[in-house]
Amino acid sequence: MDGEELTEQETALYDRQIRVWGPNGQRRLTKSHIFVSGIKGTVAEFCKNIVLAGVGSVTLMDDGLVNEDTLNANFLIPPDDNAYMGKTVAEVCSDSLKEFNPMVLVSVAKGDLSTLGAEFFEKFDVVVIGYSSRATKKAVNEKWRKLSKQVAFYTVDCRNSCAEIFVDLQNYKYTKKTLEETLEYELHFPSFHEAITIPWKLIPRRTSKLYFAMRVIEVFEETEGRKPGECSLLDLARVLEISKKLFMANSVSESNILDSVLERLITDTTEFPPACAIVGGILAQVLSRFLFAFNLLLMGNLVIFTREILVSQEVIKAISRKGEPLKNFFYFDAQDGKGMIEDIANYSK
Amino acid sequence: MATQEQQSAIKSAKVLMVGAGGIGCELLKTLALSGFEDIHIIDMDTIEVSNLNRQFLFRRSHVGQSKAKVARDAVLRFRPHINIKSHHANVKNPEFDAEFFKQFDVVLNGLDNLDARRHVNRLCLAADIPLVESGTTGFLGQVTVHVKGKTECYECQTKPAPKTYPVCTITSTPTKFVHCIVWAKELLFAKLFGDKNQDNDLNVRSNNPANLSKEREDVFERAEDEDIEQYGRKIYDHVFGSNIEAALANEETWKNRRRPRPIYSKDVLPESLTQQNGITQNCSVTDGDSMVSVMPSLGLKNPQELWGLTQNSLVFIEALKLFFAKRKKEIGHLTFDKDDQLAVEFVTAAANIRAESFGIPLHSLFEAKGIAGNIVHAVATTNAIIAGLIVIEAIKVLKKDANKYRMTYCLEHPSRKMLLMPVEPFEPNPSCYVCSKTPLVLEINTQKSKLRDLVDRIVKAKLGMNLPLIMHGASLLYEVGDDLDDIMVANYNANLEKSLSELPSPIVNGSILTVEDLQQELSCKINVKHREEFDEEKEPEGMVLSGWTQSPATNGDNASTSNNENAIDVTESSSVAETPTKKRRHSETQPESHKKETENVESEDDDLMEIENPMMVSKKKKRVE
Ligand SMILES: [Zn+2]
């Protein structure tokens, strides 16, 4: 396909994963360039995963200085203040990541995410925004959507033991191969703004409560002028008030369960390390599968073989779904242990 | 972040991690970040290059060092004040007995083979310490919780049986590539480079073995001054040529089968390879013996490329020559190892030539290596996710939050919107021979089968015992241990060679045996039923054990030590534990009161759901062809 073969060194290093996604999948990974902004525990986990998997390059942006708080759940920062004194989070993390896999180019970009021009994102295949305000996510998403090149856009937030991943692939075309034919599909992803402003009446009742909780928190942080994650139990009354208003404005009856979720989310916003490992893993998995979903037949022979022997409804469903990307939110809550995919789009439009 | 209660449970806990590999590295990191301060790790392995894509605590410079120790040192760099103790040892060593296990609050498994998993399960039951078990393959993973008396033990459910093939399929009538691989690895490789004293079924069974076998045996002996290439060609012609020819003579065999084609070296290879290009002289020998390879000198670069018959034949001869030229000292005690490049090249070539002969499609070195080494597909992300889930369960176990225990599946494709699917753990299986006292039934020919057959094929292979002891009534028939005197050892050895009915205390129809493993603190009863005949194809072991969970799928490391003469074990190690295949409603395992309550819970929370065979995840055995 792409002509270039993996080097001997690459084949030896990536042996076990090539057995999962094939040499073409690996080649696609080594050619992709990833931009990551906002590095805390979950994003650190994500970066570790994609560097190990062998993407082409990772560019980190996080100008925050390393301090006690940034150490939580982030194993990329050694707890030695002589080593990190005066350095930014991105710089220290970049040094650690380089050691994981010398074949991946890891670098640091300085600047303010919210004021970057659209052309900045042109050189990346994938943009991942961690821990940012609603306004910043929206601004970056809009710039990114204007680019000619089709790339993937993700946001990720983890608070306490809950997390949200948002995915935007714009208009994503993919093919499914059956024995007889190749079918073309196209999926339309709503923008970040569209996805968070869908009237709640249109959202199915059984949708994860975390979707609503995250929207309430966003409004709270924006109206109170807080930084992402800057809140405490003292803010509970105000948060619940905003929640009530939002439910009223959307003409949907409020759920009691949401109150306890909100309480957990604001009481302690530091990440729960096991949740970081899980969500950072899911995000990397979703991303790598997106990257090599283009050539399905070649990519996953072994995986298909694994399943072929199992005659069950579930299996057949699983195979036919191959290549379909995650659309468009993922939620994890360590309390019930579920990792849910939610497709939240305005289908009435 | 963790709550106050969680934090105090974490801080005071002492945990044992078994395995510092793919899951282990992730687990140790997540435990340290989560605030665990007292961790022991056991792992017998050393670091290899193919680990580096996911075992992120290891660097290229660590290759060859102890995984447990390097993992410990790496984690201490970002959490210097915690206490981590590493044991570079096999978890089956006697020092890790129930007493040792009792010092921990919870045991976390990140293992890659069923054998060790079963061993740890038994020790956890003996020591009454909760176990969190895990496994991954590709994008699939699973975490389960095993607490004695509360949830099922690791062996309550049937585990996938190791794939065994009838000997004649391997030696005479292969129909699939995997059969050729098993032949190349377990028979030919073992014959040429392994222990000469091991029984070996390499030769075709001929109608009059008396006069043929002697002569054939000698083919494999290399005379002192024999030219290596000549020797290689002689082996080639013997196994791919005259052996096939001899087999063809047996018309009965080929009545309903495709006849194989004998292949001789002179038809595929030029007269003399050495004169042609002097390959052996300039072959590349890089760091370490396991890096010796014939591929560069033959111009073969891409391991995913398919070699033709000539290329395979060249690899066969050149690899054989190289073993004698560069690794002569090892010959006689080599066992196949998937990380031994030259061994993989030789086995790939031999399997392909045999495949060609039998009209079976050929495979690339990469594929052959996967089949021969039972390589489990592994990706870093799944291990990271599973490690996170293990820690979440471990914290619940420490808080004794029994009704919150879950087994969680990590799926490749969502099922009912879930990528991570928690389900309630099952209750212990009342007929499990490991965690309950249910006797087993063994059908065996008590006049023909020897005690050795019982020990090898049942007690070790199926019951997974390490240091077994066998009693019949008050009479001790067999035991293993360091503290036995010579007379006892001689007695036991004599017993091994006797048929069951000739033992000092004869085992006959209706006898009840007690089989124990003192280290595992496992004891079980076996009811013996005499049976005359066994089907050679379906019951190759010549005995049938029922009421047991299947034998461990042997892992690559120990498969070749199997000395079962009637069946050849193929090592299909599975790292994801089996999911229950039977449908079991959760409500069935709930007390009545709880059931009511869950039904009344509003649909907000569908935690307590029916498992509809959550997914095949489980059986995810790698397909081997
Ligand atoms: Zn059991």
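Residues numbered from 1 in each chain as written. Chains lettered and ligands numbered in written order. Predicted model: local features only at pLDDT ≥ 70, side-chain atom pairs only at ≥ 80, totals over all residues. Heavy atoms only, no water.

S.K.: Teacher, can you tell me more about the environment of leucine 314 of chain B here?
M.R.: Residue and element names in this part refer to chain B. Assignment of secondary structure puts leucine 314 in helix 13 (residues 309-326). Given the relative accessible area of 19%, leucine 314 is considered buried. Counting along the chain gives 89 residues from leucine 314 to aspartate 225, while the straight-line C-alpha distance between them is 22 Å. (Helix = DSSP H or I, 4+ residues; strand = E, 2+ residues; numbered from the N terminus. Buried < 20%, exposed > 50% of the residue type's maximum accessible area, 1.4 Å probe, protein only.)

S.K.: I would appreciate a short explanation of the pattern of salt bridges in the present structure.
M.R.: Pairs can form between side chains of opposite charge once their charged atoms are near each other. Residue and element names in this part refer to chain B. Following the criterion strictly, the structure yields 49 salt bridges over all chains and no others. Close ionic contact of arginine 327 with aspartate 340 constitutes a salt bridge, the shortest N to O distance being 2.7 Å. One end of the pair, arginine 327, is in the loop between helix 13 and helix 14 (341-357); the other, aspartate 340, is in the loop between helix 13 and helix 14, and 13 residues separate them in sequence. The exposure class of arginine 327 is buried, given its relative accessible area of 3%. Given a relative accessible area of 5%, aspartate 340 falls into the buried group. The partner of aspartate 339 in a salt bridge is lysine 338, with the nearest N and O atoms 3.5 Å apart. (Salt bridge = Lys/Arg side-chain N within 4 Å of Asp/Glu carboxyl O.)

S.K.: Can you help me understand the pairing of strand 14 (residues 522-530) of chain B in this one?
M.R.: Moving residue by residue along a regular strand, the side chains alternate between the two faces of the sheet. Residue and element names in this part refer to chain B. As judged from the 5 bridges shared by strand 10 (residues 440-444) and strand 14, these two strands associate in the parallel manner. Within the sheet, the bridge partner assigned to isoleucine 444 lies in strand 14 and is histidine 530. Where strand 13 (residues 512-517) lies against strand 14, 6 bridges are found, and the strand directions are antiparallel. Looking at strand 14, one finds that isoleucine 512 is bridged to asparagine 527. In this antiparallel pair of consecutive strands, strand 13 and strand 14, the connection spans 4 residues, and glutamate 521 shows a positive phi of 50 degrees. (Pairing = 2+ DSSP bridges.)

S.K.: I would appreciate a short explanation of the domain arrangement of chain B in the present structure.
M.R.: Often, the extent of an interface is quoted as the loss of accessible area upon association of its parts. Residues and elements named next belong to chain B. As assigned here, chain B comprises domain 1 (4-146 + 377-423), domain 2 (175-359) and domain 3 (440-546). Taken over C-alpha atoms, the centre of domain 1 sits 35 Å from the centre of domain 3. On the domain 3 side, the residues contacting the 10 residues of domain 1 number 9 residues. Carbon and sulfur atoms make up 44% of the area that domain 1 and domain 3 hide from each other, which totals about 800 Å². For the domain 1 face of the interface with domain 3, the top three residues by lost area are Arg118, His119 and Arg122, together amounting to 52%. There are 0 salt bridges connecting domain 1 and domain 3. Across the domain 1-domain 3 interface, the total number found is 8 residue pairs in polar contact (both at pLDDT 80 or more). Looking at which element gives the most residues to the side of domain 1 that touches domain 3, the answer is helix 5 (residues 114-127), with 5 residues. Residues of the side of domain 1 that touches domain 3, tallied by class, amount to 5 nonpolar, 2 polar and 3 charged. (Domains from an automatic or database assignment. Contact = heavy atoms within 4.5 Å. Buried area = accessible area lost by both parts, 1.4 Å probe. Polar contact = N/O pair within 3.5 Å; in protein donor to acceptor, adjacent residues only side chain to side chain. Nonpolar A, V, L, I, M, F, W, Y, C, P; charged D, E, K, R; others polar.)

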